[in-house]
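# Chain and residue survey
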Amino acid sequence: KYEAFVNQKVSFFNQSIRDTLKAKEVIREMELGIFPSFIFVALPNDHTYGTKAGKPSPEVMIADNDEAVGLLVDAISRSEYWEKTLIFIIQDDAQGKGGDHIHPQRSVGVVVSPWTKKAHTSSVHYSMPSVFRTTEMLFGLPPMNLNTAAAAPMYDIFIDADEAPDTSPYDAITPQVPYVENTSATYGAAESAKLNFEGIDEAPGLGAILWHYVKGADVEPPPYAKWNDE
């Protein structure tokens, strides 16, 4: 069963655990030689608690998430595994109003490896199944299902065969974000208190709260934006 391959020290989705703590647990295992050929790491704190009173502010939680990702890349890039490693960094959606300015199904995706092109922005229409399809091909596995079979492999992100890999390490940056908690006076605190943050995608309306928290209560999203609930 898959439970035998899951680190039970930290919960899969528990925003009360700092993402940096999860990252350090992965690094601790790696330094002990525990580094399987495939690792899935969930760092959910960039979902935030919205502006729920008594919880860390969205800025604090996103900074924690950013730092955790940086710590992982920093440690792996200095390890014996680096030259054979490919890291996919993907984000979940924000749910509902407040999504990406082009389309709610579009999301940030970053690929890190000595074998990927540097500072390259792909214009190919990739999808989540594209990530899985590329992973399957790297392991020499057949498609898991029709979704991955039909997905575009991410060929254009890699360097050419005659190019040398760049194995230089990554230097993580420590975010300079002071720790601040939301209060009952923070914009959207009352609405945030009604949301369920105990599971994945169980807080509809979170995107709208975060949009107005950052942009202002009277600032509406641009008219060309599209949302999950439209």
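The structure under discussion appears in the preceding block.
Residues numbered from 1 in each chain as written. Predicted model: local features only at pLDDT ≥ 70, side-chain atom pairs only at ≥ 80, totals over all residues. Heavy atoms only, no water.

### Considerations on the packing of aromatic side chains
Aromatic ring pairs are defined here through the distance separating the ring centres and the angle between the ring planes. Defined as follows: Two rings from Phe, Tyr or Trp (for Trp, the six-membered ring) form a pair when their centres are within 6.5 Å of each other. A pair whose planes differ by under 30 degrees is stacked, one over 60 is edge-to-face, and the rest are tilted. Helix and strand assignments follow DSSP, with helices taken as H or I runs no shorter than four residues and strands as E runs no shorter than two, numbered in order from the N terminus. The buried label goes to any residue with under 20% of its type's maximum accessible area, the exposed label to any with over 50%, and the partly exposed label to all in between, with areas taken from a 1.4 Å probe on protein chains only. Note on geometry: a ring has a charge over it if NZ (lysine) or CZ (arginine) is within 6 Å of the ring centre and within 35 degrees of the ring normal.
All told, the structure shown has 2 aromatic pairs when counted by the stated rule. A ring pair is formed by F35 and Y81, whose centres lie 4.4 Å apart and whose planes are at 20°; its orientation type is stacked. Of this pair, F35 sits in the loop between helix 1 (19-31) and helix 2 (58-77) while Y81 sits in the loop between helix 2 and strand 1 (87-90), and the two are 46 residues apart along the sequence. The residues F35 and Y81 share a single accessibility class, namely buried. Taking the centre distance of 5.4 Å and the plane angle of 75° together, the rings of Y49 and F197 count as edge-to-face. With Y49 in the loop between helix 1 and helix 2 and F197 in the loop between helix 5 (189-193) and helix 6 (206-215), the pair connects residues that are 148 residues apart, well separated along the chain. Sitting over the face of the ring of Y49, K55 holds its NZ or CZ atom 4.6 Å from the ring centroid. Above the face of the W211 ring, K215 is positioned so that its terminal group lies 5.7 Å from the ring centre.

### So, the side chain of D64
For clarity, the threshold we go by: Pairs of N or O atoms are called polar contacts if they sit within 3.5 Å, as long as, within protein, a hydrogen donor faces a hydrogen acceptor (for residues adjacent in sequence, only side-chain-to-side-chain pairs). Whether two residues are in contact is decided by their heavy atoms: any pair within 4.5 Å suffices.
As for its placement among the helices and strands, D64 is situated in helix 2. Engagement of the side chain of D64 in a polar contact is seen with the backbone nitrogen of D19, the distance being 2.7 Å. With residues near it in sequence (within four places) discarded, D64 still touches R18, D19, T20 and N45.

### Section: helix 2
Short version of the rule: Expected helix span is taken as 1.5 Å per residue step, with the number of steps being one fewer than the number of residues.
With 20 residues, helix 2 extends 29 Å between its outermost C-alpha atoms, agreeing within 8% with the 28 Å of an ideal straight helix rising 1.5 Å per residue. Burial within helix 2 is extensive, with 14 of its 20 residues counted as buried.

### Topic: the nonpolar core
Short version of the rule: In these notes, a set of buried Ala, Val, Leu, Ile, Met, Phe, Trp, Tyr and Cys residues joined through side-chain atoms within 4.5 Å is what counts as a nonpolar core.
Formed by 15 residues in total, the largest nonpolar core has its most connected members in M30, F35, L72, I76, W82, I87 and V112. Contributions of two or more residues to this core are made by helix 1 and helix 2. For this core, the element with the most residues is helix 2, which contributes 5 residues. Here V112 is in contact with V73, W82, T85, L86, I87 and I89, once residues within four sequence places are set aside. Counting 8 residues, the second largest nonpolar core, distinct from the first, contains A203, L206, I209 and L210.

### Quick notes on a nonpolar patch on the surface
Cut-off, in case you're wondering: A patch consists of residues exposed above 30% relative accessible area that lack any salt bridge, with like charges linked at up to 9 Å and nonpolar side chains (Val, Leu, Ile, Met, Phe, Trp, Tyr) linked at up to 5 Å. Every accessible area reported is derived by Shrake-Rupley at a probe size of 1.4 Å, with residue values counting cover from the shown protein chains alone. A carboxyl oxygen of Asp or Glu within 4 Å of a side-chain nitrogen of Lys or Arg is what we treat as a salt bridge.
Judged by side-chain polarity, F12, F38, F40, L138, F139, L141 and I200 come together as a nonpolar surface patch covering roughly 750 Å² of accessible area. Tracing the backbone through its elements, the reader meets F139 in helix 3 (residues 128-139). By relative accessible area, which is 40% here, F139 ends up partly exposed.

### Comments concerning the environment of P56
Among the secondary structure elements, P56 is positioned in the loop between helix 1 and helix 2. For P56, a relative accessible area of 18% puts it in the buried group.

### Details of the layout of surface pockets
Test applied: A pocket here means an open set of points on a 1 Å grid, computed over the protein atoms alone, that has protein on both sides within 12 Å along at least five of seven lines. A cavity is instead a set of points where a 1.4 Å probe fits but cannot get out; residues with an atom within 4 Å of a point line either one. Grid points are joined across faces, edges and corners, and a volume is the space filled by probe spheres set on the points. Residue polarity is assigned by list, with Asp, Glu, Lys and Arg as charged and Ala, Val, Leu, Ile, Met, Phe, Trp, Tyr, Cys and Pro as nonpolar; anything else, Gly included, falls into the polar class.
Looking at the second largest pocket, its volume works out to about 660 Å³. Around the second largest pocket sit 19 residues that line it, and F5, V6, N7, I39 and F40 are the ones nearest its centre. Its residues assigned to classes, the lining of the second largest pocket comprises 14 nonpolar, 2 polar and 3 charged.

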